[in-house]
Amino acid sequence: MDGRRRNPYELTDDSPVYVISIAAQLSGLHPQTLRQYDRLGLVSPDRTAGRGRRYSARDIELLRTVQQLSQDEGINLAGIKRIIELENQVAALQQRVAELSAVVDGAAAAMQQREAQVHASYRRDLVPYQDVQHASALVVWRPKKPKE
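The residue numbering used here restarts from 1 in each chain and proceeds along that chain's sequence as written. Totals for whole chains, interfaces and linings use all residues, but because this is a predicted model, local features are given only for residues with pLDDT of at least 70 and pairs of side-chain atoms are given and counted only at 80 or more. Excluding hydrogens and water, the side-chain figures rest on all heavy atoms present in the structure.

(A) Broad picture of the overall build of the chain. Secondary structure elements follow DSSP: runs of H or I no shorter than four residues count as helices, runs of E no shorter than two count as strands, and numbering proceeds from the N terminus. Helices and strands together make up the secondary structure of the chain, namely 4 helices and 2 strands. Reading the chain from its N terminus to its C terminus gives the helix and strand order α-α-β-β-α-α. Scored against the burial criterion, the 148 residues of the chain give a buried share of 16%. Per-residue accessibility takes into account occlusion by the displayed protein chains alone, with areas from the Shrake-Rupley method and a 1.4 Å probe. With the model as given, the accessible surface of the chain reaches about 12300 Å², and the carbon-plus-sulfur share is 54%. Exposed residues in this analysis have more than 50% of their type's maximum accessible area, buried residues have under 20%, and partly exposed residues fall in between, with area computed by a 1.4 Å probe over protein chains only.

Following this line, the structure appears as structure tokens:
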């Protein structure tokens, strides 16, 4: 799915439904850590009208990834932020490549269709010219003599 909801009550991975305390429990982090990640721009949850944070399932997965990169891989938060930015760029570029591939495929199909139309328009009563090879045979033509 592309993230857009057809039904306003249909939940997707991008639906902001978790308050900070639940998101903290689901990600295994302290709520203060989530606030810090938000301030640093690592994970930016949606906001309610009252400015409360609402996390989506995708946000929680990203929180887990940040934690894993920080603790298991020893990457600092600035490095993690750059990794996330690069991954987002790669995803956007992959989407663009898919879009351009679809355009190219459509243009190729249109070209093949047009080529088929041109071939179908050829006159069938014409005989293609074939270059005759010079032969060594000699043909003599003698007109018939008129009868007197």
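(B) Structural view of the confidence of the model for the chain. Confidence per residue, as judged by the predictor, is encoded in pLDDT with a range of 0 to 100. Mean pLDDT over the chain works out to 87, with 87% of the residues at or above the 70 mark. Considering each helix and strand of the chain separately, the mean pLDDT is smallest for strand S1 (residues 46-47), with a value of 90, and largest for helix H4 (residues 77-120), with 95.

(C) Spotlight on unusual backbone geometry. Despite not being glycine, Arg51 has its phi angle at roughly 75°, a positive value. On the accessibility criterion, Arg51 (55% relative accessible area) is exposed.

(D) Up close: the nonpolar core. Residues belong to one nonpolar core when they are buried, are Ala, Val, Leu, Ile, Met, Phe, Trp, Tyr or Cys, and are joined through side-chain atoms within 4.5 Å. Of all hydrophobic cores here, the largest spans 15 residues; its most connected members are Leu34, Leu42, Tyr55, Leu63 and Val66. For this core, the secondary structure elements donating two or more residues are helix H1 (20-27), helix H2 (31-40), helix H3 (57-71) and H4. Here this core takes 4 residues from H3, the largest share from any one element. Contacts: residue pairs with any heavy atoms within 4.5 Å of one another. What Val66 contacts, discounting residues up to four positions off in sequence, is Tyr37, Leu42, Val43, Leu77, Ile80 and Ile84.

(E) Local environment of H2. Inspection of H2 places Leu34, Tyr37 and Asp38 among the buried residues, and these make up the whole buried set. Looking down the long axis of H2, one finds its buried residues gathered within 100° of arc, a one-sided arrangement. For H2, the elements touching its buried residues are H1, S1, strand S2 (53-54), H3 and H4. Following H2 by one or two positions, Gly41 adopts a phi angle in the positive range, close to 85°. The directions from the helix axis to the C-beta atoms form the arc being described.

(F) Quick peek at the pattern of salt bridges. One side-chain nitrogen of Lys or Arg within 4 Å of one carboxyl oxygen of Asp or Glu is enough to make a salt bridge. According to the stated counting rule, one finds 6 salt bridges in the structure shown. A salt bridge links Asp14 to Arg58, with the nearest nitrogen and oxygen atoms 2.5 Å apart. Of this pair, Asp14 sits in the segment before H1 while Arg58 sits in helix H3, and the two are 44 residues apart along the sequence. When its relative accessible area of 32% is taken as the criterion, Asp14 is described as partly exposed.

(G) Representation of the side chain of Arg53. Summarising the element assignment, Arg53 is placed in strand S2. By relative accessible area, which is 18% here, Arg53 ends up buried. N or O atoms within 3.5 Å of each other form a polar contact, as long as, within protein, one can give a hydrogen and the other can take it, and as long as residues adjacent in sequence are counted only when both atoms are side-chain atoms. Polar contacts involving the side chain of Arg53 include one to the side chain of Asp38, which spans 2.7 Å.

(H) Just the environment of Thr48, in detail. Within the secondary structure, Thr48 is located in the loop between S1 and S2. The class of Thr48 is partly exposed, set by a relative accessible area of 28%. The spatial distance from the C-alpha of Thr48 to the C-alpha of Pro16 is 9.3 Å, given a sequence separation of 32 residues.

(I) Highlighting the side chain of Asp59. With respect to the helices, strands and loops of the structure, Asp59 is situated in helix H3. In this charge count, Lys and Arg are treated as positive and Asp and Glu as negative; neither His nor the chain ends contribute. The side chain of Asp59 is buried and forms no salt bridge, while Arg58, the nearest opposite charge, is found at 7.0 Å. Setting aside residues up to four positions removed in sequence, Asp59 forms contacts with Val43, Ser44, Pro45 and Arg54.

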